[in-house]
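One letter stands for each residue in the lines below.
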Amino acid sequence: MAEIKIITTDEIKTDEYLVNMGPQHPSTHGVLRLLVKLEGEIVHNVEPHVGYIHSGIEKMTEALSYPQIIHLTDRMDYLSAHMNNEAVCLCIENALQVEVPERVKYIRTIFDELQRLASHQLWWCASGMDLGALTAFFYGLRDREDILDIFEETCGARLTLNYSVPGGVMFDIHPNFQSKVKAFIKKFRKTLPEYDKLLTGNIIFQNRTKGVGVLSKEDAIAFGVTGPTGRASGFSCDVRKHHPYSAYPYIKFDEKLGTDGDSFMRWKLRMDEMWESLNIIEQLIDNIPEGDIAVKMKGVIKLPEGEFYQRVETGRGEFGVYIVSDGKKNPYRVKFRSPGFSNLFTINHIAKNWKIADLVAIMATFDLVIPDIDR
Amino acid sequence: MKSTINYIAEIFRAIWSLLTGMKVTAKYFFTPWNNVTQQYPENRDTLVMFDRFRGEVIMPHNENNEHKCTGCGICEINCPNGSIEIISKSIVNEEGKKKRIIDQHIYHLAMCTFCNLCVKTCPSEAIVMGQKFEHAYWNRTSMTKVLNQPGSKIMEGIKE
Ligand code: SF4
Ligand code: SF4
């Protein structure tokens, strides 16, 4: 098992040298610093240094009331903003034992899947760019724009949605919502095969990812790797399947599992998940029940004394919210379990003895969002 | 021999895979109307944002320069980052009763995260989200706004 230790200069052998990858490196997707020990081009050790974008959200929440906490969670994993919002809302609702209307469950689930699609699209285009395919970047962003427009029309924001509130959602869906989502699905079913043509089949891309950075199932479980990254190694960890929430119990969908656990499998798995998300939305979009969009909550929400945990599946894996309440209107302590943090720290284990360019490929298929790691 | 054939076949497969990708790019190259970028600063006059777009907090006034804000301060309490400051003053109304009304509704645009909580919790629906999104200013002080217009007063029939 890999363990991360501080390297001091006397430990470095003559042929090895240290290189800082980041904090301002384009392929670290944010301010992540990797201290890489190299011999020539071969990676001997990777030591992730986090904390460059630490925003202290967990501490800040202790001074805020429960409805106010939600808007901060947008800023952690900004590509899975709605799932983060939903996790906090579900946690509060569970603690208060409030049952939200069916309509809310459906709307939330559709938003989850749209957000997952948007997240995977951005991952696709950004990691394409990391691996040298700039065209992919434009195509991915073009399609993501349609989803962001749908979000903007219904809830007024594109990235930091703050759409879920305790007990429901902030606005009812826009009258155009259903038709726009359906038009988007129709269009995206045509453009998604283009993604495969453009990159998945590309020989340069395949040579750079196939067999690179293999994460075994045992290691995935040992490191707590979740999400598409864990599933690519064959670790069945989909929270939507194992601990269904919102409208997931009502629908049929497959949990995609990979076998190889290499970079290409992680890539392939996310592409498959996009198809699956389209299926999920199609099952729900015509069946949104009528009803209220929120249950009436008290003006000041106070959670009963105790500890509450809720997990959801974000675009990167299992996101958990742990609230300790002492019965006041502010939480006593909040802990967020972010998927990116656990996923990142396998990197030393699997990038060893690969070339530095392969490290970029591994990072790209890990789909890291740095504020999610640092919080 | 077999490895040589494989090697050459591999080369052709590689070229084919690149051509498949090029075909997609070529399709969009020759049909540019499929993906037209918004010409942003040029289309400013025709650009319409969605009604629910959260650009900034504004306080609508009617033609008599009246607004609906009672100065209750609920928005100030609900704002997670202190972007709103309510300064109220007391006046004596016609019946000779003392009454607190809004003096200044100060909004710090620079601190606002556009979370919509103030708009959602305002009991008299006095503030709404505006569509303006071009918030670049030369100095920081112009990002602090007073939402109630000078000389404005509260609309008739708004409950305190
Ligand atoms: S804007 Fe609304 S909530 Fe804020 S002080 Fe005025 S009436 Fe009260
Ligand atoms: S939108 Fe949110 S951050 Fe901005 S003033 Fe209103 S409550 Fe405060």
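Criteria and cut-off values
Residues numbered from 1 in each chain as written. Chains lettered and ligands numbered in written order. Predicted model: local features only at pLDDT ≥ 70, side-chain atom pairs only at ≥ 80, totals over all residues. Heavy atoms only, no water. Helix = DSSP H or I, 4+ residues; strand = E, 2+ residues; numbered from the N terminus. Rg over C-alpha atoms; globule rule 2.2 N^0.38 Å. Buried < 20%, exposed > 50% of the residue type's maximum accessible area, 1.4 Å probe, protein only. Near = heavy atom within 4 Å. Nonpolar A, V, L, I, M, F, W, Y, C, P; charged D, E, K, R; others polar. Salt bridge = Lys/Arg side-chain N within 4 Å of Asp/Glu carboxyl O. Contact = heavy atoms within 4.5 Å. Domains from an automatic or database assignment. Buried area = accessible area lost by both parts, 1.4 Å probe. Polar contact = N/O pair within 3.5 Å; in protein donor to acceptor, adjacent residues only side chain to side chain. 1 Å grid on protein atoms, 1.4 Å probe; cavity = no way out; pocket = protein on both sides within 12 Å on 5 of 7 lines; lining within 4 Å. Points joined across faces, edges and corners; volume = space filled by probe spheres on them.

### Digging into the overall build of chain B
Consideration 1: Each helix and strand counted, chain B has three helices and seven strands in total.
Consideration 2: When the helices and strands of chain B are read in sequence order from the N terminus, they spell out α-β-β-α-β-β-α-β-β-β.
Consideration 3: In terms of C-alpha radius of gyration, chain B reaches 29 Å, well past the compact-globule figure of 15 Å for 160 residues.
Consideration 4: Overall size of chain B, expressed as C-alpha extent along the three principal axes, is 105 × 30 × 30 Å.
Consideration 5: Counting all 160 residues of chain B, 33% fall into the buried class.

### Section: the site of ligand 2
Consideration 1: The environment of ligand 2 is made up of 13 residues, and the closest members are B:C79, B:N81, B:C112, B:C115 and B:C118.
Consideration 2: Grouping the constituent residues of the shell around ligand 2 by class yields nine nonpolar, four polar and no charged.

### A look at the pattern of salt bridges
Residue and element names in this part refer to chain A.
Consideration 1: For the structure on display, the rule yields 36 salt bridges over all chains.
Consideration 2: One salt bridge connects D143 with R142, and the closest N-O pair in it is separated by 3.2 Å. With respect to burial, D143 and R142 carry one shared label: buried.
Consideration 3: R240 is the partner of E273 in a salt bridge, and the nearest nitrogen-oxygen pair spans 3.9 Å. Within this pair, whereas E273 is found in helix α11 (residues 263-285), its partner R240 is found in helix α10 (residues 239-242), the two being separated by 33 residues in sequence.
Consideration 4: Residue classification places E273 among the buried residues on the basis of a relative accessible area of 4%.

### A short note on the site of ligand 1
Consideration 1: In the vicinity of ligand 1 lie 13 residues, with B:C69, B:C72, B:G73, B:C75 and B:C122 positioned nearest.
Consideration 2: Split into classes, the residues belonging to the shell around ligand 1 amount to eight nonpolar, five polar and no charged.

### Describing helix α2 (residues 66-73) of chain A
Consideration 1: Counting buried residues in α2(A) gives seven out of eight residues, a clear majority hidden from the surface.
Consideration 2: Within α2(A) the residues assigned to the buried category are A:Y66, A:Q68, A:I69, A:I70, A:H71, A:L72 and A:T73.

### Structural notes on the side chain of A:S80
All names here are of chain A.
Consideration 1: Locating S80 in the fold gives a position in the loop between α2 and α3 (81-96).
Consideration 2: Judged by its relative accessible area of 0%, S80 falls in the buried class.
Consideration 3: Not counting residues within four places of it along the chain, the set of residues in contact with S80 comprises Q115, S119, T314, G315 and R316.

### Quick notes on the domain arrangement of chain A
Residues and elements named next belong to chain A.
Consideration 1: The domain boundaries assigned to chain A delineate domain 1 (9-49) and domain 2 (57-374).
Consideration 2: The centre of domain 1, based on its C-alpha atoms, is set 29 Å off from the matching centre of domain 2.
Consideration 3: The partner domain 2 presents 17 residues to the 18 residues of domain 1 that form the contact.
Consideration 4: Considering only the side of domain 1, the residues that lose the most area to domain 2 are H29, E41 and V43, jointly responsible for 31% of the buried surface there.
Consideration 5: Applying the counting rule to domain 1 against domain 2 returns zero salt bridges.

### Some details on the interface of chain B and chain A
Consideration 1: Taken together, the 27 residues of chain B in the interface contact 33 residues of chain A.
Consideration 2: Buried surface at the junction of chain B and chain A, both sides included, amounts to about 2,400 Å², of which 58% is carbon and sulfur.
Consideration 3: Per-residue buried area on chain B facing chain A is highest for B:F50, B:R52 and B:R54; these three make up 30% of the total on that side.
Consideration 4: Our count for the contact surface shared by chain B and chain A stands at one salt bridge.
Consideration 5: With a shortest N-O distance of 2.8 Å, A:E194 and B:K27 are connected by a salt bridge.
Consideration 6: Our count for the chain B to chain A interface comes out at 13 residue pairs in polar contact (both at pLDDT 80 or more).
Consideration 7: For the side of chain B that touches chain A, the elements supplying multiple residues, two or more each, are α1 (2-30), α2 (74-78) and α3 (117-121) of chain B.

### Digging into the layout of surface pockets
Consideration 1: Within this model, the largest pocket holds a volume of roughly 950 Å³.
Consideration 2: Lining the largest pocket are 27 residues, and of these A:R142, A:E145, B:V36, B:T37 and B:Q38 sit closest to its centre.
Consideration 3: Contributions of two or more residues to the lining of the largest pocket are made by α5 (134-155) and α6 (177-200) of chain A together with α1 of chain B.
Consideration 4: Ranked by residue count, the leading element in the lining of the largest pocket is α5(A), at eight residues.
Consideration 5: Taken together, the residues of the lining of the largest pocket break down into 12 nonpolar, five polar and 10 charged.
Consideration 6: There is about 700 Å³ of room inside the second largest pocket.
Consideration 7: What lines the second largest pocket is a set of 26 residues, among which A:P67, A:K298, A:G299, B:K120 and B:T121 lie closest to the centre.
Consideration 8: Of the residues in the lining of the second largest pocket, the class split is 15 nonpolar, seven polar and four charged.

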